[in-house]
Amino acid sequence: MDTWTGHEVPTLPGDAVAPHLFDSARRAVAATAPEGVATMYVCGITPYDATHLGHAATMITFDLINRLWRDAGLEVNYVQNVTDIDDPLLERAARDGEDWVVLAMRETALFREDMEALRIIPPQHYVGAVESIPAIAGHVRELLAAGAAYTLDDGTGDVYFAISAAPRFGYESNLPREEMTVLSAERGGDPDRAGKRDPLDPLLWRGTRDGEPAWDGGDLGPGRPGWHIECTAIALGLLGNTIDVQGGGNDLIYPHHECSAAHAEVLTGAQPFAAHYVHAGMIGLDGEKMSKSKGNLVFVSRLRADGVDPMAVRLGLLSGHYRADREWTDDVLKVGEERLARWRAAAAAPAGPSGEGLLAAVRESLANDLDTPAVLAVVDAWCEAALTATGDDESAPALMSRTVDALLGVKL
C-alpha cells in the first residue's frame, strides 16, 4: 500500500537529545534510548469513515516523536497499518449498500490527503491488513503449533490465542481482570463466547462465514484475521522482535496493544515487545469522546473544505498535552488561527531575541514528554518580543521559523 507524499524537514543547528516519554506499562516517564535505528509502530485507521480530529491528534503525537528522533540524529523506521478488513468496515459497507473494498480505498485515500495537509511525516511502510494475510496466517499456525492457540470445537474454524501462554499478560495495561472483561466486550472482543478456554482469549483467525470475504489460511482453512495479530505480524515483519515505541490512542491500551504485544512475545520469546507503550488522549466534543459510534465527529477534510488552514488545526491540537483527554471547541480553533497569524508575523520581523535560545527551550520542553503547551508558551513569548522590537538577533526570525517547522511540523 502506498504511503502519502512527504515534505522537506529543515535541519537545525546544535545538539539535541532523544525524548523522554511516558510508558503506559511502567506508568512513568523514561528516556527513549534507540540503538542504531529508532523503530516505531503506530496503529492506523479502520477506513470506514473520514479522518476526524481524534485521528489527527494521535498522528500528530507520533509525528512529534519522529521529528525529535530525527533532530537527535537518529534514523527512524516508522511503520503504520491500515485495518482494511474488519467487522466495522463490513458493517458500514452493508449499511450503505457499498462494496467494502471501494469504501476502504476511498477513505484510505482521503486519510492520506489529510495527513499531507497536516504535514505528518509519512511512515517508511504503510501496510494494509489484506496484503499481510499470508504472514498473519503463518503466525497463527506457529501459535497453534506451540500450543499457544486453539481452534474452537464448534465447526466455525475460529482460532483463539490462549492468554495462559503469556504469563505476563496484563503488564502493559495494568488493569484488573474485571475491567479487562468489560473493555474486551466494548472493544471488539467476545468474552461471553462459549467454548473459549478463558473469556479474555482474543480471536486470531475467523473461519469463513456466508456473505463475508475470506482468504486461504492454509491449514487454518479459509477465513480472515483477528485484529490484534494483524499488527503483530506487520511489526515483526518490518521492525524486528522488539521495537522502541508502540503507539496509538489510549483506547488501544486494552485489549489491542496488550494482546498484540502478548502475541509477539510468545512468538519470539523477546520481552518486552516495546520499550515504550505510548498512548495519546481522546479528543472530545460537547463533553463526549469524539467517535464514529456517537456521530459527533469533526472531520479534517471538512475543516479543509471550509478554508481552515491545516496549520491552525495542528496548533489547536498541540495546545493540550498529548496524554490528556481534551475538548475541541470553536475557541480552540480560533486561538490556533490567531496564534498562527502572530507566529507568521513574527517570522517576518527584522529581528528578535536569541534564536538559539528559543531553539534550546523548544527542544527542552519537547524532550520532556512532548510538553507542547510549554512549547507554545515559549514561542508565543518570543513572538511577542519580536513584534514589539525587543531583541537584535537578525537571524532569529528565520531560525524560529525553521524550529517550529522541523520540531512542531508547523509551516509558517
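Here we summarise the structure given alongside this text. (Residues numbered from 1 in each chain as written. Predicted model: local features only at pLDDT ≥ 70, side-chain atom pairs only at ≥ 80, totals over all residues. Heavy atoms only, no water.)

1. Here's the deal with the packing of aromatic side chains
Which entries qualify depends on this criterion: Geometry of aromatic contacts follows a simple scheme: Phe, Tyr and Trp rings, the Trp one being its six-membered ring, pair when their centres are within 6.5 Å, and the pair is stacked under 30 degrees between planes, edge-to-face over 60, tilted otherwise. Helix and strand assignments follow DSSP, with helices taken as H or I runs no shorter than four residues and strands as E runs no shorter than two, numbered in order from the N terminus. Each residue is assigned to one of three classes by its accessible area relative to the maximum for its type, calculated with a 1.4 Å probe on protein chains only: buried under 20%, partly exposed between the two thresholds, exposed over 50%.
Here the structure, examined in full by the defined rule, presents seven aromatic pairs. Between the aromatic rings of Trp4 and Phe111, the centroid separation amounts to 5.8 Å while the plane-to-plane angle is 80 degrees, which identifies the pairing as edge-to-face. Here Phe111 lies in helix α3 (residues 100-117) and Trp4 lies in the segment before β1 (20-23), a separation of 107 residues in the sequence. Here Trp4 falls in the buried class, since its relative accessible area comes to 4%. Where Phe169 meets Tyr254, the ring centres are 6.3 Å apart and the plane angle is 80 degrees; that geometry is what we call edge-to-face. Here Phe169, found in the loop between β7 (159-161) and α5 (177-186), pairs with Tyr254, found in helix α7 (residues 253-268); they are 85 residues apart in sequence, far enough to count as distant. In this structure Phe169 comes out as buried when scored by relative accessible area, which is 16%.

2. Details of the packing of helix α2 (residues 87-96) against α3
As a reminder of what qualifies: Between N-to-C directions, angles span 0 to 180 degrees; the directions come from axes that are lines fitted to C-alpha atoms, helices contributing only their stretch in contact. When an angle is under 35 degrees it counts as roughly parallel; over 145 it counts as roughly antiparallel; between 65 and 115 it counts as roughly perpendicular; any other value is oblique. Pairs of residues are marked as contacts when any of their non-hydrogen atoms sit within 4.5 Å. Under the convention adopted here, Pro, Cys and the residues Ala, Val, Leu, Ile, Met, Phe, Trp and Tyr are nonpolar, Asp, Glu, Lys and Arg are charged, and Gly plus all remaining residues are polar.
The contact between α2 and α3 brings their axes to 9 Å, and the two run at 110 degrees. Put simply, α2 runs roughly perpendicular to α3. Along the contact surface, α2 presents Leu89, Leu90, Arg92 and Ala93, while α3 presents Trp100, Leu103 and Ala104. Partitioned by chemical class, the residues of the contact of α2 with α3 number six nonpolar, no polar and one charged.

3. Here we look at the pattern of salt bridges
Quick reminder of the rule: Every case where a carboxyl oxygen of Asp or Glu lies within 4 Å of a side-chain nitrogen of Lys or Arg is listed as a salt bridge.
With the rule as written, the count across this model stands at 24 salt bridges. Residue Asp63 pairs with Arg67 through a salt bridge whose shortest N-O separation is 2.7 Å. With Asp63 and Arg67 both in helix α1 (residues 53-71) and four residues apart, the pair spans about one turn of that helix. With relative accessibility at 2%, the residue Asp63 sits in the buried group. Ionic pairing is found between Arg95 and Asp96, a salt bridge with its closest N-O pair at 2.8 Å. The exposure class of Arg95 is exposed, given its relative accessible area of 59%. Beyond isolated ion pairs, a larger network of salt bridges with shared partners links Asp87, Arg206, Glu212 and Arg224.

4. Some words on the packing of helix α4 (residues 133-145) against helix α6 (residues 227-239)
Relative orientation of the contacting elements α4 and α6 amounts to 105 degrees, with a least axis distance of 9 Å. Viewed along their axes, α4 and α6 adopt a mutual orientation that is roughly perpendicular. Residue-level inspection shows Ala135, Ile136, His139, Val140 and Leu143 of α4 in contact with α6, the latter providing Ile229, Glu230, Ala233 and Leu236. Here the contact of α4 with α6 is built from residues that sort into seven nonpolar, one polar and one charged.

5. Looking at the pairing of strand β11 (residues 274-280)
The condition is simple: Two strands pair if DSSP finds at least two bridges between them.
Most of β11 is tucked away, with six of its seven residues classed as buried. Summarising the sheet, strand β10 (residues 243-249) and β11 pair through six bridges and their orientation is parallel. If you follow Gly249 over to β11, its bridge partner there is Ala280.

6. Focus on the sheet that holds strand β9 (residues 223-225)
Read from one edge to the other, the open sheet built from four strands follows the order β6-β7-β8-β9, with strand pairing classed as antiparallel. This sheet does not close on itself; its edge strands, each paired only once, are β6 (149-151) and β9. Ignoring which end each strand starts from, the neighbouring axes of this sheet average 15 degrees apart. Across two bridges, β7 lies against strand β8 (residues 203-207) in antiparallel orientation. Among the inter-strand pairings, Val159 is bridged to a residue of β8, identified as Trp205.

7. Digging into the sheet that holds strand β3 (residues 38-42)
Pairing in this open sheet of five strands is parallel, and the strands run β5-β4-β3-β10-β11 from one edge to the other. Whereas interior strands pair on both sides, the edge strands pair on one side only; in this sheet they are β5 (125-128) and β11. Strand-to-strand, the axes of this sheet are offset by a mean angle of 20 degrees, without reference to chain direction. Running at roughly 155 degrees to strand β4 (residues 76-82), α6 makes contact with β3, β4, β5 and β10 of the sheet. The sheet strands contacting α7 are β10 and β11, and the helix crosses β10 at an angle near 155 degrees.

8. Description of the pairing of β8
Judged by how many residues are buried, β8 sits mostly within the fold: four of five residues are covered. Note: β8 against β9, three bridges, orientation antiparallel. By the bridge assignment, Gly207 is partnered in β9 with Gly223.

9. Observations concerning the environment of Thr156
The condition is simple: Polar contact is the term for a pair of N or O atoms within 3.5 Å; when the atoms are in protein, one must be able to donate a hydrogen and the other to accept it, and sequence-neighboring residues count only if both atoms are side-chain atoms.
Looking at where Thr156 falls in the secondary structure, it is placed in the loop between β6 and β7. For Thr156, a relative accessible area of 22% gives the class partly exposed. Along the primary structure Thr156 and Asn174 are separated by 18 residues, whereas in three dimensions their C-alpha atoms are 33 Å apart. A polar side-chain atom of Thr156 sits 2.7 Å from a polar atom in the side chain of Asp154. Of the polar contacts made by the side chain of Thr156, one reaches the side chain of Arg193; its length is 3.5 Å.

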